[in-house]
Amino acid sequence: MYRTHTCGQLRAANIGQKTTLSGWVQRIRNLGGMTFIDLRDRYGITQLVADENTDEKTMQIVEDLGREFVIRCEGTVLERSSKNSKIPTGEIEVKLECIRILNRSEVPPFTVEDETDGGDELRMKYRYLDIRRNPVRNALLLRHKVGQAVRKYLDSIDFVEIETPFLIKSTPEGARDFVVPSRMNPGEFYALPQSPQTFKQLLMVAGMDKYFQIVKCFRDEDLRADRQPEFTQIDCEMSFVEQEDVLKTFEGMIVSVFNDILGVEFKKPFQRMTYNDAMSLYGCDKPDLRFGMEIRNLSQLAKGKGFVVFDNAEYVGGIVVPGAAEYSRKQLDELTKFVQRPQIGAKGLVYVKLGANGEVKSSVDKFFSPDDLSKWATHMGASEGDLLLIMAGDRTHTLEGLGQLRLEMGSRLSLRPSNVFAPLWVVDFPLLEWDEESKRFYAKHHPFTSPVASDIHLFDSDPSAIRANAYDLVINGVEIGGGSIRIFDRDLQHKMFKVLGFSEEEAEAQFGFLLNAFKYGAPPHGGVAFGFDRLCSIMGGSESIRDYIAFPKNNSGRDVMIDSPSPISEEQLNELQIKLGSTK
Ligand code: ASP
């Protein structure tokens, strides 16, 4: 038998008992005549001890041990003389009586400790060693729990988990598809699903009523820290629902999952905010509501006083940073540099300091009297001790810039703690987005999203003003999920394809199967998909989704552990009837 207990199991109540443990050697310490070994497995760490009373054979093996060796040992549970209250097994240690090396290990390329010396790439290359570390293992355990809690909740309200195929035809989510050549159908390709969107809609036509799936999705996009080419969604769809029904159902899921796993109690209903409000108050469609500092429009007050920068700007706006009137020249220069970075691209940043006794100092004193500046402060709801940061330019970019500055100030003032959660639904998204380059509309969500009924007449006159029955769930400034009420009427779907620039034939060729299904009694339906990796990372208090994926890819989409993607053999290419061009 390899073990009677795990390395996280023994407590004071076991003192005096015999035990057999197996695991990895985390650390070996020699202190005088005593040798201490930390033995680790998935469940924890148990301290083993050998001393002058340990028999010679055992001692020889102990001396031979190295980090990450796999061993099996037998011994007696003793009370520790110096207890360690930081670990659950800290009250005991195991006096070694017999030890066997089950497998040796080379010296690991990085330390398998909570704080490791290994860089990202190295840890990904040896991900199996990385997963031995507490933070990564705990992230995967959290992910498992979140998945279980989601399934429990959805099952309890009659959702059915149904798998949909991976080898499909393109799904229009706006990213590039990964494609797979078909050997049996030379010259033809499958696409990997960007999401099961069309399938879940077909399941509604099929009468399955409440569907969900925790499912891999594939998008060939340029990667950022919070993106992976393959990622997991909690994908859901329901029939006979309106927007409100969907929001209530999934609010329930989020409340239940956060409560089950973190003991967090959310108030229902979650805050709702229109897309337009989110943009004008927070400069983005996924506001972080852990703190206020909303953007205020100063255009009326600040223009027309002879300061050309403001006078020529479409929009002037700012934020109030509480208690920051003492900011130094250097700190303000840093903030100016922050908004001048290419990501924001602002020309500059104007400040107003509201000092003690009504003393007002600003970078635009030449153009504005103390009285003007006090009016700004009143309009923005600022008071003594606050700092106003003001930007000007075209409306969209200035709001976006202020939005980023707001987040930066939130971080600087520690207003974004990772254990506080601020959920909200953003609603009333525009249905369409105009692309200046290709001079055409794109669906902001996807082409199956229904317009708000009272806006349908705008299809012919002002498509960009049509609002969608679409919604996003945002937590702490991260888009956790999004969905919509779908078009279930063939004619309306055709109208949508038309405004997106699809000819009848193109729509038929790409989505004929769906349009066809709509001929046979499609129920009203809608749904949502949550980014499972992101949900886990938010719950775990991390910025990076990689930590929550067992085997993630790097920023160039490579799996550095298995070294993929990689060339395939001539024989495989021939079988697929594929000829490669020059890869230079
Ligand atoms: N398929 C959509 C997405 O992946 C979600 C939805 O509309 O349900 O974003």
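A brief look at the structure comes next. Because the structure is a prediction, the values reported are computed rather than measured. All residue numbers refer to positions counted from 1 along the written sequence of the respective chain. Totals for whole chains, interfaces and linings use all residues, but because this is a predicted model, local features are given only for residues with pLDDT of at least 70 and pairs of side-chain atoms are given and counted only at 80 or more. With hydrogens and water excluded, all non-hydrogen atoms of the structure serve as input to the side-chain values.

Looking at the site of the ligand
One heavy atom suffices: a residue is near a molecule or strand as soon as one of its heavy atoms comes within 4 Å of it. In the vicinity of the ligand lie 14 residues, with Gln-197, Lys-200, Gln-233, His-446 and Arg-486 positioned nearest. Under this definition, polar contacts are N or O atom pairs within 3.5 Å; protein pairs additionally need one hydrogen-donor-capable and one acceptor-capable atom, and for neighbouring residues in sequence, both atoms have to be side-chain atoms. Taking Gln-197, its side chain carries an N or O atom lying 2.7 Å from a nitrogen atom of the ligand. The side chain of Arg-486 places a nitrogen or oxygen atom 2.7 Å from an oxygen atom of the ligand. What sets the accessible areas is the Shrake-Rupley method with a 1.4 Å probe; for residues, cover comes only from the shown protein chains. Out of a free accessible area of 270 Å², the ligand has 92% covered by protein chains. Listing elements by their share of the shell around the ligand, those giving two or more residues are α5 (197-205), β21 (478-485) and β22 (525-531). Each helix is a run of H or I in the DSSP string that is no shorter than four residues. Each strand is a run of E no shorter than two, and both are numbered from the N terminus. Here the shell around the ligand takes three residues from β22, the largest share from any one element.

With respect to helix α16 (residues 532-539)
The cut-offs for exposure are 20% and 50% of the maximum accessible area for each residue type, with area from a 1.4 Å probe on protein chains only; residues under the lower value are buried, those over the upper are exposed, and the others partly exposed. Within α16, eight of the eight residues are buried, which leaves the element mostly enclosed by the surrounding structure. Following α16 by one or two positions, Gly-541 adopts a phi angle in the positive range, close to 75 degrees.

Quick word on the sheet that holds β22
In short, DSSP must find at least two bridges between two strands for them to pair. Read from one edge to the other, the open sheet built from eight strands follows the order β6-β9-β10-β22-β21-β20-β17-β11, with strand pairing classed as mixed. Looking at strand neighbours, the two that pair on one side only are β6 (160-161) and β11 (271-274), the edges of this open sheet. Looking at chain direction, β11 and strand β17 (residues 423-427) are connected through four bridges and run parallel. Along β17, the bridge assignment pairs Met-273 with Val-426. Should any heavy atoms of two residues lie within 4.5 Å, those residues are counted as being in contact. Between the N-to-C directions of two axes lies an angle of 0 to 180 degrees, each axis being a line fitted to C-alpha atoms and, for a helix, fitted only over the stretch in contact. In the packing of helix α4 (residues 134-156) onto the sheet, the strands contacted are β6, β9 (210-218) and β10 (230-239), and the crossing angle to β9 comes to about 150 degrees.

Things to note about the state of the cysteines
Pairs of cysteine sulfur atoms within 2.5 Å are identified as disulfides in what follows. On inspection of all chains with the given rule, the structure shows zero disulfides. Free cysteine: Cys-7, not disulfide-bonded; nearest cysteine sulfur from Cys-73 at 7.5 Å. Cys-98 takes part in no disulfide bond, and the closest cysteine sulfur to it belongs to Cys-73, at a distance of 8.4 Å.

A closer look at the pairing of β21
With six of eight residues buried, β21 is to be regarded as a mostly interior element. Here strand β20 (residues 470-475) pairs with β21 via six bridges, running antiparallel. Of the residues in β21, the one forming a bridge with Leu-473 is Gly-481. Linkage of β20 to β21, two consecutive antiparallel strands, is achieved through a turn of two residues, within which Asn-476 is found at a positive phi near 55 degrees.

With respect to the pattern of salt bridges
Salt bridges are counted wherever a side-chain nitrogen of Lys or Arg sits within 4 Å of a carboxyl oxygen of Asp or Glu. Under the defined criterion, the tally for this structure stands at 39 salt bridges. The closest approach of N and O atoms between Glu-68 and Arg-132, which form a salt bridge, is 2.7 Å. Within this pair, whereas Glu-68 is found in the loop between α1 (56-64) and β4 (70-79), its partner Arg-132 is found in the loop between α3 (127-130) and α4, the two being separated by 64 residues in sequence. Note on Glu-68: relative accessible area 3%, which makes it buried. Looking at Arg-132, the relative accessible area reads 23%, which means it is partly exposed. A salt bridge links Lys-216 to Glu-230; the shortest N-O distance between them is 3.1 Å. With a gap of 14 residues between them, Lys-216 in strand β9 and Glu-230 in strand β10 connect regions that are remote in the sequence.

As for unusual backbone geometry
Omega for the peptide link from Lys-268 to Pro-269 comes to -10 degrees, which places this bond in the cis form. With respect to the secondary-structure elements, Pro-269 resides in the loop between α6 (243-262) and β11. Note the cis peptide between Ser-564 and Pro-565, where omega equals 5 degrees. If you trace the backbone, Pro-565 turns up in the loop between α16 and α17 (570-575). Phi is positive for Asp-209, which is not a glycine, with a value near 70 degrees.

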